[in-house]
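Each chain, letter by letter, is given below.
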Amino acid sequence: MSLSKHLELTGVSIEFPTPKGPFKALDNVNLKIEKGEFVSLIGHSGCGKSTVLNIVAGLHKATTGGVVLEGKEVDEPGPERAVVFQNHSLLPWLSAYENVELAVKQVFKGQKSKAEMKAWIEHNLELVHMTHAMHKRPDEISGGMKQRVGIARALAMEPQVLLMDEPFGALDALTRAHLQDSLMEIQKDLNNTVIMITHDVDEAVLLSDRIVMMTNGPAATVGEILKVELPRPRDRIALADDPQYNHYRHQVLSFLYEKQRKVEDIGQHRSVKKSEEEAVELPKKRAHG
Amino acid sequence: MSSIRMTLAGVSSIAGVKSNDTMSSWLKRSARALGLPLLGLLVFLLIWQAGAKQIHTSLGEFPGPSQVYQQTLSLIADHNAERARETDFYERQEQRNAERIAKDPSYEPKIREYTGKPTFFDQIGTSLVTVLAGFFIAGLIAIPLGICIGLNGALYSALNPIIQLFKPVSPLAWLPLVTMVVSAVYVTPDPLFAKSFLTSLFTVSLCCLWPTLINTAVGVSAVSPDLQNVSKVLRLSWGTHVVKIVLPSSVPMIFTGLRLSLGIAWMVLIAAEMLAQNPGLGKFVWDEFQNGSSDSLGRIMVAVLVIGLIGFLLDRIMLLLQRAFSWDKNAITR
């Protein structure tokens with residue numbers, strides 16, 4: 001028991017029923033994650049990254065295999081596995097403060113006094129630098145700010161694992177870089193266990209302790225796992241010229257575009273290839289800028 | 001130094017251009033906002049005046065804008081005269097009672113109600129009370145029921161055919177049934193409400209509850225999956241989920257339904273009042289039609305315009321309420 005990891009996915013497979021018969025999205029996914037570890041899941045779209053995350057969150061149920069967190073099997077969603085959703089998912093009728101409050105009231109009901117809750121909510125909004133706009137509603141703040149509130153809400157649940165589903169995917173490059181730095185800062189202070197889904201190779205290398213690269217679906221599974229042993233705190237500008245950093249990037253890129261190149265018919269293949277090249281080009285520029 | 005001056009000059013000239021620009025764009029905008037509707041109204045009045053002259057009915061020429069204006073003044077005069085008569089009546093009554101008490105101290109004065117005929121403005125009041133009461137009852141039924149069927153898919157499937165069946169029924173078809181039921185059920189020696197009022201009220205409710213019912217059900221059942229996931233991760237209880245997530249997220253749809261309902265309620269009311277003889281605008285139109293004097297068509301036209309105006313105002317009020325109480329500030333303004 002003491003040898004078991006913090007979070008363990010064992011033989012996780014999932015099938016979705018379709019009119020044409022069951023569709024196997026994941027096949028035999030095995031992953032062990034240690035406490036305080038930052039793990040990225042990377043892979044082509046449709047490879048089942050989100051499904052893995054949803055299974056850990058308890059929003060999907062594995063057909064075979066399962067997830068064990070701190071010795072307990074995961075069978076339903078819960079605040080100890082807080083999720084930061086891709087599109088922030090804040091309640092639009094509540095202010096930033098009230099959005100976090102809803103989570104805090106639910107999780108710490110009967111454990112914290114009113115004053116303690118207020119302090120805790122404000123503390124978490126401060127972590128993501130949102131105190132100045134905490135009484136604004138989601139439609140009054142920018143996309144990056146909404147995502148910050150989403151992160152504050154998840155952190156405020158004091159989760160054992162923080163699950164992030166492409167948290168910065170919908171943001172512009174500058175805001176994304178800014179939030180990545182914030183996230184590293186928070187991670188340094190709180191030492192949360194994090195699983196993050198990303199499409200962005202630079203993001204994965206910059207933030208992660210390990211990068212889990214997934215094969216293409218259907219029946220996707222873990223392809224390779226890359227350990228990123230760059231010293232923290234990591235500085236994106238210094239790393240841009242770091243040979244080791246570029247070596248990690250190269251390994252992820254070669255997995256995605258050589259070993260797991262998406263095979264599609266020629267017309268589609270060209271357009272996919274083009275957008276892939278762009279996707280590779282853009283982060284490079286950002287890293288240098 | 002010279003470069004600074006130049007920049008300053010540049011800034012001020014830009015500012016000057018800008019203020020000129022905003023001035024002219026402001027003029028343009030207000031011309032659009034006020035001028036075009038006024039122009040439309042003017043053209044409409046001209047066509048109306050010209051067209052009205054061409055239509056000859058058994059009650060004379062079709063009323064044009066000028067006749068309508070005259071009839072409006074005459075209706076206001078009627079109203080004022082009636083009010084004066086009412087005040088006179090009460091004054092005389094008081095005076096008579098005072099005299100009798102002076103003669104015979106043991107006399108207990110009787111106060112008699114003034115029973116003059118309702119004026120056009122009284123009838124507007126009656127119509128408003130009836131429509132708001134009917135709309136209120138419809139909302140009281142439709143919102144809770146809509147929430148229930150929105151939350152429960154089975155109930156929705158069970159009730160959907162019934163809703164679809166009754167939704168398109170005209171108020172005129174309901175009215176005879178409602179009239180008979182009200183007469184049969186509402187039997188009391190001392191009626192608080194007139195039967196005609198109740199008949200109109202229930203007909204309005206029956207016809208206008210459907211949009212609110214359907215929109216509420218759709219709003220409740222269509223809570224975004226993302227928000228449902230949030231609720232699941234937080235392990236909200238069913239009650240908290242409904243109160244904190246489902247209801248707030250369906251508020252914009254409920255308001256849309258209520259706005260549609262109020263529009264329908266007002267339209268249905270006029271027809272219902274005509275047949276039920278509820279002393280409102282519908283009865284006014286009907287009475288003038290039966291009366292058949294040379295002023296009648298003009299008066300009916302006044303009523304038509306007033307009905308339109310009140311309908312428009314009711315819709316605006318609903319919109320203001322929606323803006324005030326709904327979190328979704330992008331409500332449709334058409």
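Relevant structure appears above.
Since the model is a prediction, treat every value here as computed from it, not as a measurement.

Q: How should the nonpolar core be read in this particular structure?
A: One broad rule of soluble globular proteins: the nonpolar side chains tend to lie buried together. Residues Val56, Val100, Leu163 and Val252 of chain A together with Val204 and Ala265 of chain B are the most contacted members of the largest nonpolar core, which totals 138 residues. At 16 residues, helix H8 (residues 238–276) of chain B tops the list of elements feeding residues into this core. Per-domain counts for this core show at least three residues from each of domain 1 (37–57 + 72–80 + 162–288) and domain 2 (83–158) of chain A. With near-sequence residues (within four places) excluded, Leu163 of chain A lies in contact with Leu53, Val56, Ala57, Arg81, Ala82, Val83 and Ile195 of chain A.

Q: Looking at this structure, how should I read the pairing of strand S4 (residues 64–69) of chain A?
A: Walk down a regular strand and you will see the side chains alternate between the two sheet faces. Residue and element names in this part refer to chain A. Relative to S4, strand S1 (residues 7–18) runs antiparallel, the two sharing five bridges. Bridge pairing in S4 places Glu8 opposite Val68. Pairing between S4 and strand S5 (residues 72–73): two bridges, direction antiparallel. Its bridge partner being in S5, Val68 is matched across the sheet by Glu73. Counting the residues between successive antiparallel strands, the hairpin from S4 to S5 contains two residues, one of them, Glu70, with a positive phi of roughly 50°.

Q: What's the story with the interface of chain B and chain A in this structure? I'm lost.
A: Often, the extent of an interface is quoted as the loss of accessible area on bringing the components together. Counting from both sides, the interface comprises 13 residues of chain B and, opposite them, 16 residues of chain A. Looking at the side of chain B that touches chain A, the elements with two or more residues in it are helix H7 (225–233) and H8 of chain B. Examining the composition of the side of chain B that touches chain A, we find that six residues originate from one element, H7 of chain B, more than from any other. Residue composition of the side of chain B that touches chain A, grouped by class: eight nonpolar, one polar and four charged.

Q: Even after reading the chapter, I still don't get helix H4 (residues 153–166) of chain B, so can you show me in this structure?
A: An α-helical turn contains 3.6 residues, so a residue and the one three or four places further along point in the same direction. Helix length check: H4 of chain B, at 14 residues, gives a terminal C-alpha distance of 20 Å against a target of 20 Å (1.5 Å per residue), a fit within 8%. At Leu159 of chain B, H4 of chain B is bent by approximately 40°, the largest bend along its length, and proline Pro161 of chain B sits one to four residues beyond.

Q: Any chance you could explain helix H1 (residues 49–57) of chain A here in plain terms?
A: All names here are of chain A. In terms of burial, H1 is a largely internal element, seven of the nine residues being buried. Among the residues of H1, Lys49, Thr51, Val52, Leu53, Ile55, Val56 and Ala57 are the ones counted as buried. In the segment just after H1, Gly58 is the residue with positive phi, at about 90°.

Q: I tried to follow the sheet that holds S5 of chain A on my own but got confused; where do I start?
A: Strand-to-strand pairing in sheets goes through backbone hydrogen bonds, with the strands running parallel or antiparallel. All names here are of chain A. Reading across the sheet, the four strands line up as S2-S1-S4-S5 and stay open at both edges, with antiparallel pairing between neighbours. The sheet terminates laterally at strand S2 (21–33) and S5, the two strands that pair on one side only. Contacts between H1 and the sheet are confined to S1, S2 and S4, with S2 contributing the most and set at about 70° to the helix.

Rules behind the numbers
- Each chain carries its own residue numbering, running from 1 in the written order of its sequence.
- Starting at A for chains and at 1 for ligands, labels are handed out in the order in which the entities are written.
- Note on the predicted model: pLDDT of at least 70 is required for a residue's local features to be given, and 80 or more for side-chain atom pairs to be given and counted; whole-chain, interface and lining totals, by contrast, use all residues.
- A set of buried Ala, Val, Leu, Ile, Met, Phe, Trp, Tyr and Cys residues, joined through C-beta atoms within 7 Å, is what we mean by a nonpolar core.
- The exposure scheme places C-beta atoms from the backbone and then counts, for each residue, the other C-beta atoms within 10 Å of its own, assigning buried at 20 or more, exposed at 12 or fewer, and partly exposed in between.
- To qualify as a helix, a DSSP run of H or I must reach at least 4 residues; to qualify as a strand, a run of E must reach at least 2; elements of each kind are numbered from the N terminus.
- Segmentation of the chain into domains, including their bounds, is taken from an automatic or database domain assignment.
- Contact between two residues is assigned when their C-beta atoms, built from the backbone, lie within 7 Å.
- Strand pairing is assigned whenever DSSP identifies at least 2 bridges connecting the two strands.
- Note on residue categories: nonpolar means Ala, Val, Leu, Ile, Met, Phe, Trp, Tyr, Cys or Pro, charged means Asp, Glu, Lys or Arg, and polar means any other residue, Gly included.
- To estimate the expected span of a helix, subtract one from its residue number and multiply by 1.5 Å.
- Values of bend correspond, residue by residue, to the angle between axes fitted over the seven residues ending at that residue and the seven starting there.
- An axis is simply a line fitted to the C-alpha atoms; with a helix, the fit covers only the stretch in contact. Between two such axes, the angle follows the N-to-C directions and lies from 0 to 180 degrees.

On their own, these measurements won't tell you what the molecule is for.
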